[in-house]
Amino acid sequence: MSKKTFYTEVSYLLGVILLAFATALMARADFGLSMVVAPAYIVHVKIAEIASWFTFGMAEYCLQAVLLVLLGIILKRFRALYFFSFVTAVFYGIVLDLSNILVGFIPGDGIAVRIVFFVSGMVICAFSISLLFHTYIAPEAYELIVKEIAAKFNYNISKVKTIYDCTSCIISIILSFALFGFGKFVGINVGTIVCALLNGVIIGFFSKVLEKHYNFKDCFKFADKFK
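Throughout what follows, the structure given in this document is the object of discussion. (Residues numbered from 1 in each chain as written. Predicted model: local features only at pLDDT ≥ 70, side-chain atom pairs only at ≥ 80, totals over all residues. Heavy atoms only, no water.)

## Points about the overall build of the chain
Then, in step 1: Tallying secondary structure elements over the chain gives 8 helices and 2 strands in all.
Then, in step 2: Seen in sequence order, the chain has helices and strands lined up from the N terminus as β-α-α-α-α-α-α-α-α-β.
Then, in step 3: In terms of C-alpha radius of gyration, the chain reaches 17 Å, essentially the compact-globule figure of 17 Å for 227 residues.
Then, in step 4: For the chain, the spread of C-alpha atoms along the three principal axes comes to 50 × 40 × 30 Å.
Then, in step 5: Here the chain holds 227 residues, and the buried ones make up 44% of them.
Then, in step 6: Residue pairs at least 24 apart in sequence account for 78% of intrachain contacts in the chain once pairs closer than 6 positions are excluded.
Then, in step 7: Total accessible area computed for the chain in this model is approximately 11600 Å², and 71% of it derives from carbon and sulfur atoms.
Then, in step 8: The distance from the centre of the 19 positive side-chain charges to the centre of the 13 negative ones in the chain is 8 Å. (Helix = DSSP H or I, 4+ residues; strand = E, 2+ residues; numbered from the N terminus. Rg over C-alpha atoms; globule rule 2.2 N^0.38 Å. Buried < 20%, exposed > 50% of the residue type's maximum accessible area, 1.4 Å probe, protein only. Contact = heavy atoms within 4.5 Å. Areas by Shrake-Rupley, 256 points an atom, 1.4 Å probe, with all protein chains shown as cover. Lys, Arg positive; Asp, Glu negative; His and termini not counted. Charge placed at Lys NZ, Arg CZ, Asp CG, Glu CD.)

Encoded structure:
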């Protein structure tokens, strides 16, 4: 069976937009956010107490800027790709704030509806990340860190993703306690643990499905300049 062409630029746009929408769905479900975005959400909630204009999206790209600096220090190199990753973070942050507004209009607050929001958000999140793993355009810092470390040390990307997610989960718990008091969980719940354990596996599944049916191809000739 011949594979269809999937342009990496489309993969990038779909990935960022779907990821933002998935995050908004999980925030609405209130079962705990993905461990990757939980730290930014926790910072957002704390700062918003004194600066209501500080949105979830703003917290995202501010935190990702810090992560990109740390990545450069750890790998002992700073690439132009890191700057473009920050641009992606800003794009994602804007779409996230818009998605939060959109999802807010969806009716329903019962437990069944919240479960649908959470499961849908988790699955869409994994799918969107698998799309971002198949584009030359710099993804968010979260995905870029996984790609860079896996490539640098020749590790399996799904395993690196799972380790990164679990580490983020632990950091989120520590951050929540530090900012809101011991035993106070903000943005963290049973759903956070579920994501930490399953996200890497689901992403790996979607990546295999995409690679089975599609050839990822760059549409623009200048693509190599960004790799």
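## A word on the pattern of salt bridges
Then, in step 1: Applying the stated criterion across every chain yields a total of 4 salt bridges.
Then, in step 2: For E148, the salt bridge identified is with R77, shortest N-O distance 3.0 Å. With E148 in helix α6 (residues 141–153) and R77 in the loop between α3 (56–75) and α4 (80–104), this pair connects stretches of sequence that are 71 residues apart. (Salt bridge = Lys/Arg side-chain N within 4 Å of Asp/Glu carboxyl O.)

## A look at α4
Note that an α-helix has 3.6 residues per turn; residues three or four places apart therefore point the same way.
Then, in step 1: Taking 1.5 Å as the rise per residue, α4 with 25 residues should run 36 Å; its terminal C-alpha atoms sit 37 Å apart, in good agreement.
Then, in step 2: Looking at the packing, one finds that the buried side of α4 touches α1 (8–29), α3 and α6. (Expected span 1.5 Å × (residues − 1).)

## Quick word on the nonpolar core
Then, in step 1: Core analysis: the biggest nonpolar cluster contains 52 residues, and Y82, Y92, F118, Y142 and Y164 have the highest contact counts within it.
Then, in step 2: For this core, the elements supplying multiple residues, two or more each, are α1, α3, α4, α5 (111–132), α6, α7 (157–180) and α8 (190–213).
Then, in step 3: At 9 residues, the largest contribution of residues to this core is made by α1. (Core = buried A, V, L, I, M, F, W, Y, C linked by side-chain atoms within 4.5 Å.)

## Comments concerning the packing of aromatic side chains
Then, in step 1: For the coordinates displayed, the defined rule picks out 13 aromatic pairs.
Then, in step 2: A ring pair is formed by W53 and F54, whose centres lie 6.1 Å apart and whose planes are at 80 degrees; its orientation type is edge-to-face.
Then, in step 3: In this structure W53 comes out as exposed when scored by relative accessible area, which is 58%.
Then, in step 4: Exposure remark for F54: the relative accessible area of 9% places this residue in the buried category.
Then, in step 5: Ring geometry for F83 against F84: centres 5.6 Å apart, planes inclined by 70 degrees, an arrangement best described as edge-to-face. (Phe/Tyr/Trp six-rings, centres within 6.5 Å; stacked < 30°, edge-to-face > 60°.)

## A word on the environment of L19
Then, in step 1: Looking at where L19 falls in the secondary structure, it is placed in helix α1.
Then, in step 2: Its relative accessible area of 4% is what places L19 among the buried residues.
Then, in step 3: As for L19 and L96, which are separated by 77 residues in sequence, their C-alpha atoms are 8.3 Å apart.
Then, in step 4: Look past the residues within four positions of L19 in its chain and what remains in contact with it is Y92, C125, S128, I129, L132, E140 and E143.

## Section: the environment of G93
Then, in step 1: Note on placement: G93 falls in helix α4.
Then, in step 2: Residue G93 is classed as buried on the basis of its relative accessible area, which comes to 1%.
Then, in step 3: Between the alpha carbons of G93 and E60 there is a distance of 6.1 Å; along the sequence they are 33 residues apart.
Then, in step 4: Setting aside residues no more than four positions away along its own chain, G93 makes contact with G57 and Y61.

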